[in-house]
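A look at the structure
Listed below are the residues making up each chain.
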Amino acid sequence: MSRFIPNRTPCGLTRRESLWQVGGGFAGLALTDLLASTGQAHSPTAERPAHFPAKAKHCVFLFMNGGPSQVDTFDPKPALKKYHGQPYSGDAKVGSNGRPIGHLMQSPFEFRRHGESGLEISSLFPHLSRFSDELCVIRSMHADTAAHASGCLQMNTGSIFIGKPSLGSWLSYGLGTQNQDLPSFVVMTDPRGGPIGSASNWSAGYMPAAYQGTLFRNGGSPLLDLATPAGTTDRTQRRSLDLLNALNEAHRQQHPDESELLARIESYELAYRMQTEALDVVELDREDAATQDLYGLNNPVTADFGRKCLITRRLIEKGVRFIQLYSGGGHLEETWDGHSDCITNHKTHAAETDRPIAALIADLKRSGLWDETLLVWGGEFGRTPTSEGVDKLGRDHDWHGFSMWLAGAGVNGGQAIGATDELGFTAVEDRCHVSDLHATILHLMGIDHTRLSYLHQGLNQRLTGVEERHIITKALA
Amino acid sequence: MRPTLALLIGFWLLPSSVFAVDYEHDVRTLLKERCISCHGAVKQEADLRLDAGALILKGGGQPVVMPGNSGDSLLIQRVLAEDESERMPPEGARLSPDQIAVLRAWIDRGAIYPTDEIIPPRPADHWSFQPIQRPDVPAAMQSSWVRNEIDAFVLADLERRNLAPEPAASPTALLRRVTLDLIGLPPTLAEQQAFSEQPDLTAVIESLLQRPEYGERWGRHWLDVVRYADSNGYERDAEKPFVWRYRDYVIESLNQDKPFDRFIMEQLAGDELPDRTLESRIATGFLRLGHWDDEPADPQADRYDQLDDIVSTTGQAFLGLTIGCARCHDHKFEPLSARDYYSLVAVFNPLERPQAGRTEKTVMVDDVEIYAWREPDAIAPETYLLKRGSPTNPGERVTPAVPAILVAHQPAFAEPDEQTSQRRLSLARWIASAENPLTARVLVNRVWQQHFGQGLVTTANDFGLMGSVPSHPELLDWLAHWFMHDAGWSLKKLHRLILTSQTWQQAKTPNSLVRYRRLEVEAIRDSMLAVSGQLNPQRSGPAFKPPIPAAALEANSDKEKVWQASPEPEASRRSVYAFIKRGLVVPLFESLDLADTVSSCPQRQVTTVAPQALTLFNGEFSIQQATHFAERLRREAGDDPIAQIQRAWQLALCREPSSAEQELMQQFLREESLEQMCRVVLNLNEFVYPE
């Protein structure tokens, strides 16, 4: 792959010398100095102070697209064993979109207590179970919708309607980012496709596009239009950019008070540095064999999500604020949406992600980044404790009660918070709305969710909306 | 304010006063957040206002604050009240102990506030709610500069501030500026040639206004305001069938210079007009442009969400009011009540979205399928105020009405005819009437904003109390009055007046009213196509799909079939005809600040970020256009680099290259290709920032 090489031109001159040669008549030197001195002053994502000292500087959202089943993962329900095969007659609204409702169905996965905390985790996650003392499972999540599109939107933007900024956008807007050479908000989707609603899920909504999530591919050129165009050599690319800078700078001198012109000149230089930085992040060959093995890069089942997790660690090292990884993409069984056979479905998706996620935790701990990184795991909702149709193996959507977990900076690990009812349908204890989770994530990142607002349509809009929301204090260390 | 020794001693006795309290930062912020929605300029429960120190001390029926004595102050007693029916504020959580301590400390220290604090005026006195009068045109001193009334107002304002106007921009700069402004394309070589022979800008303006490209450019500005998109968003993100007829209607209406009052009435009630036509029925597509979830989480709420989209957009687009905020409760900062809101819901409630399950249906008019709502019955369903916006919590019944603050007497709402309730037509007549204080002001300001880069009111969708105040209030009112009474709601007359003014023809400097502003993405893309010679002028009809890089499709749940790009000639049409899919916006458009596709967009954002540079410097579209541009230069200027450079500058920048530029480019071309040079030219700041 062809790419820019920073500060050195291929002919051996430094960038400054090259500018002097190409654009000597146009004060190329002054430009270089100007760029150096202004730095990121114009950037909408310049770093800004938090409301209060933050526990976490980075947030990684492991999005289990499609909706993992709580009773098969983190919410053991012995009663399901007892009532297995019997019809459900309780109050919870079961089933979505007219799908058939079957009988209560026990989990085929064995739950065991792990670690000093004795946190119960199902056999789907043997690797993650080693870190049970780090996980704070919230068993009492609930959302407002039974549909994937609005569910993913709500988990990502706090609203079931399109057009609102996503969590990562709010963090980019509120905190900026430490590294202007990389996007502040990175999204990595599944090779089988994106989530339903695709870009609406990482949109900046009514905020400037600068705050939207940037798609990062885990192979080839990571960012859109990052690579130097085919047929253009590095040398030509650099010379063309130098020419552009020289002409733009001459033009700018006729309009010295127009800061947007300077900002636009800077944006081309920034793009140039981004080429190097972003490509560097995805070059995983430099990682030692043990690390590659840790993340499961050598196993085709875990390789894709493993690469994403390893890239995530590298992005965190570079100061990226918010990273979202999707497990599952496209439709139905290609995601955690186990309508027809939830057991096989969950085995597949858990096997793809369990080892990589455990590796990410281990690696962050090893590198010392664990203390400044917040991990969030979960999907847009959970799944019913009943089967979808009698004598079937699928499970339908359940948005009344489901499990997610938090781990890392500021999180009180080794515990399960809240509870669903005896059978696992509905959150009954310490109920936690999606927006409560958002308030908690913002809190851990040093932001008061009631104070972070953006004026739009005459209102100070907030991620957590107008209803009263609560930080999940039990989750805080 | 330094406390006296006596007060300092008092601090030791009164624990609430131990910490410093700042009126502006602590007290006002708290009152604003928790109290002012009921005790402020908009609402004065118990005749009490807490939005200024003098008013707090004045109290309501009785004093609420005893300076120096928080314990005896009613304000403190009420926030501390154990009895929930007494406790203030009545809604939401109690004030925290810290917040109460702030209030106590402020009172105990004497309840001091800045003497120059501005008391917010009563909302009924708000400037934009007053009838539009015609101010006298001021007699400016340096009258030789004045070409029309706009100049007279602007110059008088400058002279009041001891300032002088900026010099006029150069004629060639003005040619490029006005051409991009009116038709969104740079002037062709022939147009440049004709202008150099006869530099008559007024004639140029006249001829541009007659071009069909005018409607393509200015139609897009209106599409921003009405949240236009070609799909519904959400999971299926289905195409809105035949919605492009509405887009074509907008373009065509502007090209015809349809009087704007008629344009308003057609969009709101084109099916109810006595002289309704196919065209006026297509116009009501306005009501159906919003996002729509065909699998709503709550079907009952969904009905009101759709009505909310219509009411909110109508309020912002025509009236510059954020009425949507009054859906769940009276607006906190504007004199708009939930009753006002649901009275407008009652206007649109008779509408029904034609659909069969999740599939949208069209309406047949004269054998033409159009995308619109319909009123199935002339008898309107009853509409209720929904408490806290909840469909399961209906309150009093409401009938159609306009926001009470805007009228002394409600306009009469017509009785139903055989086909429809006639409610929208009555609303439309009121909105489009010369008596409406907002409509003309809001529209004139939108046009001004687009020409100057900044409105006389900088919040184009918000003329309420929270909006900004006009920089030139008399000029705005004069323009609004003139627009209705002299220009007969003709946009083209308004363009002529503005563009022929000295004010608009000034050079762009930080001191001038004309702002340096990056072109919108449509104008950037269309200019690239025009310069490269590839622009396909085909007008109207179904939207085309520009190519989207495969990498950007990967993130879609239906990556294989979500987007079938049109072939290159079709994809080289003007951007206004590009398909806008709410869930998958073309990356070039998205990164260069396309309008929000979900709600009314008052003005494009201008952000400057690295992904734009990546797209414009490395992206496939840029490379393609650079290649075509180079071919064109070889074809038209031959192999001589000097002539090629000269022509490139003329085509892209509408000027001769300077000798330094010529020299620099020749040097570049000795080692690099013409394609590379063309790519650089299309990326120049000067290309996207017209003088």
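Everything quoted here is computed from the prediction, not taken from an experiment.

Okay, the overall build of chain B next. When helices and strands are tallied, chain B shows 29 helices and six strands. The principal-axis extent of the C-alpha atoms belonging to chain B is close to 90 × 65 × 55 Å. Long-range contacts, defined here as pairs at least 24 residues apart, represent 67% of the contacts in chain B between residues at least 6 apart.

Further remarks concern the overall build of chain A. Helices and strands together make up the secondary structure of chain A, namely 11 helices and 17 strands. Taking 23 Å as the expected radius of gyration for a compact globule of 477 residues, we find that chain A reaches 24 Å, a close match to that expectation. Taking the principal axes of its C-alpha atoms as reference, chain A extends roughly 85 × 55 × 40 Å. Taking all 477 residues of chain A together, 60% fall into the buried category. Within chain A, contacts between residues at least 6 apart in sequence are counted, and of these 76% link residues at least 24 apart.

All names here are of chain B. You can see Phe-579 is positioned in the loop between α22 (568–571) and α23 (587–591). On the basis of neighbour count, Phe-579 is assigned to the buried category, with 20 C-beta atoms found within 10 Å. The sequence separation of Phe-579 and Lys-545 amounts to 34 residues, and the corresponding C-alpha distance is 5.5 Å. Not counting chain neighbours up to four residues away, the residues in contact with Phe-579 comprise Asp-230, Ala-543, Phe-544 and Lys-545.

Glycine aside, negative phi is the norm for most residues, and most peptide bonds take the trans geometry. In this structure, Pro-89 of chain B follows Met-88 of chain B across a cis peptide bond, with omega equal to -10 degrees. Within the secondary structure layout, Pro-89 of chain B lies in the loop between α4 (74–80) and α5 (97–108). Unusually for a residue other than glycine, Asp-430 of chain A sits at a positive phi of about 50 degrees. With respect to the helices and strands, Asp-430 of chain A occurs in the loop between β14 (427–429) and β15 (432–433). The exposure class of Asp-430 of chain A is partly exposed, given the 16 C-beta atoms found within 10 Å. In this structure, Asp-593 of chain B takes a positive phi of about 65 degrees despite not being glycine. Considering the arrangement of structural elements, one finds Asp-593 of chain B in the loop between α23 and α24 (610–618).

To continue, consider the interface of chain A and chain B. If you look at the interface, chain A gives 66 residues, while chain B gives 67 residues. Mapped by element, the contributors of at least two residues to the side of chain A that touches chain B are α4 (148–157), β6 (214–215), α6 (234–253) and α7 (259–282) of chain A. It is α6 of chain A that contributes the most residues to the side of chain A that touches chain B, 10 residues altogether. Split into classes, the residues belonging to the side of chain A that touches chain B amount to 30 nonpolar, 26 polar and 10 charged.

Glancing now at the pairing of strand β2 (residues 111–114) of chain A. Residue and element names in this part refer to chain A. Summarising the sheet, β2 and strand β3 (residues 119–122) pair through four bridges and their orientation is antiparallel. Within β3, the residue paired with Arg-113 across the bridge is Glu-120. If you look at the hairpin formed by β2 and β3, you'll find four residues sitting between the two strands, and Gly-115 has a positive phi there, around 70 degrees.

Attention now goes to helix α16 (residues 423–431) of chain B. All names here are of chain B. Within α16, eight of the nine residues are buried, which leaves it mostly tucked inside the rest of the structure. Inspection of α16 places Arg-423, Arg-424, Leu-425, Ser-426, Leu-427, Ala-428, Arg-429 and Ile-431 among the buried residues, and these make up the whole buried set. Buried positions along α16 lie against α12 (260–269), α14 (299–319), α15 (338–348) and α17 (439–452).

For the rest of this paragraph, the subject is the domain arrangement of chain B. When cut into domains, chain B gives domain 1 (5–116), domain 2 (259–431), domain 3 (521–609) and domain 4 (620–688). Relative to domain 4 of chain B, the C-alpha centre of domain 1 of chain B lies at a distance of 68 Å.

A few words now on the pairing of strand β11 (residues 402–408) of chain A. Residues and elements named next belong to chain A. Most of β11 is tucked away: seven of the seven residues are buried. Pairing of strand β4 (residues 136–142) with β11, which is carried by four bridges, proceeds in the antiparallel orientation. Bridge assignment links Ile-138 to a residue of β11, and that residue is Met-404. In this sheet, β11 lies alongside strand β8 (residues 373–378) in antiparallel orientation, the contact comprising four bridges. Bridging across to β11, Trp-377 finds its partner in Trp-405.

All names here are of chain B. At a minimum axis separation of 9 Å, α17 and helix α18 (residues 473–485) run at an interaxial angle of 105 degrees. One finds that α17 runs roughly perpendicular with respect to α18. Here Ala-440, Arg-441, Val-444 and Asn-445 of α17 lie close against α18, whose contacting residues are Leu-476, Leu-479, Ala-480, Phe-483 and Met-484. Here the residues of the contact of α17 with α18 are counted per class, giving seven nonpolar, one polar and one charged.

All names here are of chain B. Across the interface, helix α25 (residues 620–637) lies against helix α28 (residues 674–682) with an axial gap of 8 Å and an inter-helix angle of 115 degrees. The crossing of α25 and α28 is right-handed. Listed contacts from α28 to Ser-622, Ile-623, Gln-625, Ala-626, Thr-627, Phe-629, Ala-630, Leu-633 and Arg-634 of α25 are Leu-674, Glu-675, Cys-678, Arg-679 and Leu-682.

Looking at where Thr-399 of chain B falls in the secondary structure, it is placed in the loop between β6 (394–398) and α16. Here the alpha-carbon distance between Thr-399 of chain B and Ile-282 of chain B, two residues 117 residues apart in the chain, equals 27 Å.

This next bit is on the confidence of the model for chain B. Looking at chain B as a whole, its pLDDT mean stands at 93, while 97% of the residues score no less than 70. If you check the scores for this complex, the pTM reads 0.86 and the ipTM reads 0.88.

This part is about α12 of chain B. All names here are of chain B. Along α12, nine of the 10 residues are buried, which leaves the element largely enclosed by surrounding structure. For α12, every residue scored as buried is listed here: Phe-260, Asp-261, Phe-263, Ile-264, Met-265, Glu-266, Gln-267, Leu-268 and Ala-269. Contacts made by the buried residues of α12 are with α11 (244–255), α13 (278–283), α14, α16, α17 and α19 (491–499).

Time to look at the confidence of the model for chain A. Per-residue confidence for chain A gives a mean pLDDT of 89, with 91% of residues at or over 70. Across residues 1–41 of chain A, where pLDDT falls below 50, the model places 66 contacts with residues more than four positions away in sequence or in other chains.

We now examine the environment of Arg-273 of chain A. With respect to the secondary-structure elements, Arg-273 of chain A resides in helix α7. As a C-alpha pair, Arg-273 of chain A and Leu-182 of chain A span 91 residues in sequence and 8.6 Å in three-dimensional space.

Conventions and cut-offs
Residues numbered from 1 in each chain as written. Chains lettered and ligands numbered in written order. Predicted model: local features only at pLDDT ≥ 70, side-chain atom pairs only at ≥ 80, totals over all residues. Helix = DSSP H or I, 4+ residues; strand = E, 2+ residues; numbered from the N terminus. Contact = placed C-beta atoms within 7 Å. Rg over C-alpha atoms; globule rule 2.2 N^0.38 Å. Buried ≥ 20, exposed ≤ 12 C-beta atoms within 10 Å, placed from the backbone. Nonpolar A, V, L, I, M, F, W, Y, C, P; charged D, E, K, R; others polar. Pairing = 2+ DSSP bridges. Domains from an automatic or database assignment. Axes fitted to C-alpha atoms, helices over the stretch in contact; angles between N-to-C directions. Parallel < 35°, antiparallel > 145°, perpendicular 65-115°, else oblique. Left-handed = near helix turned anticlockwise from the far one by under 90°. pLDDT = per-residue confidence, 0-100.

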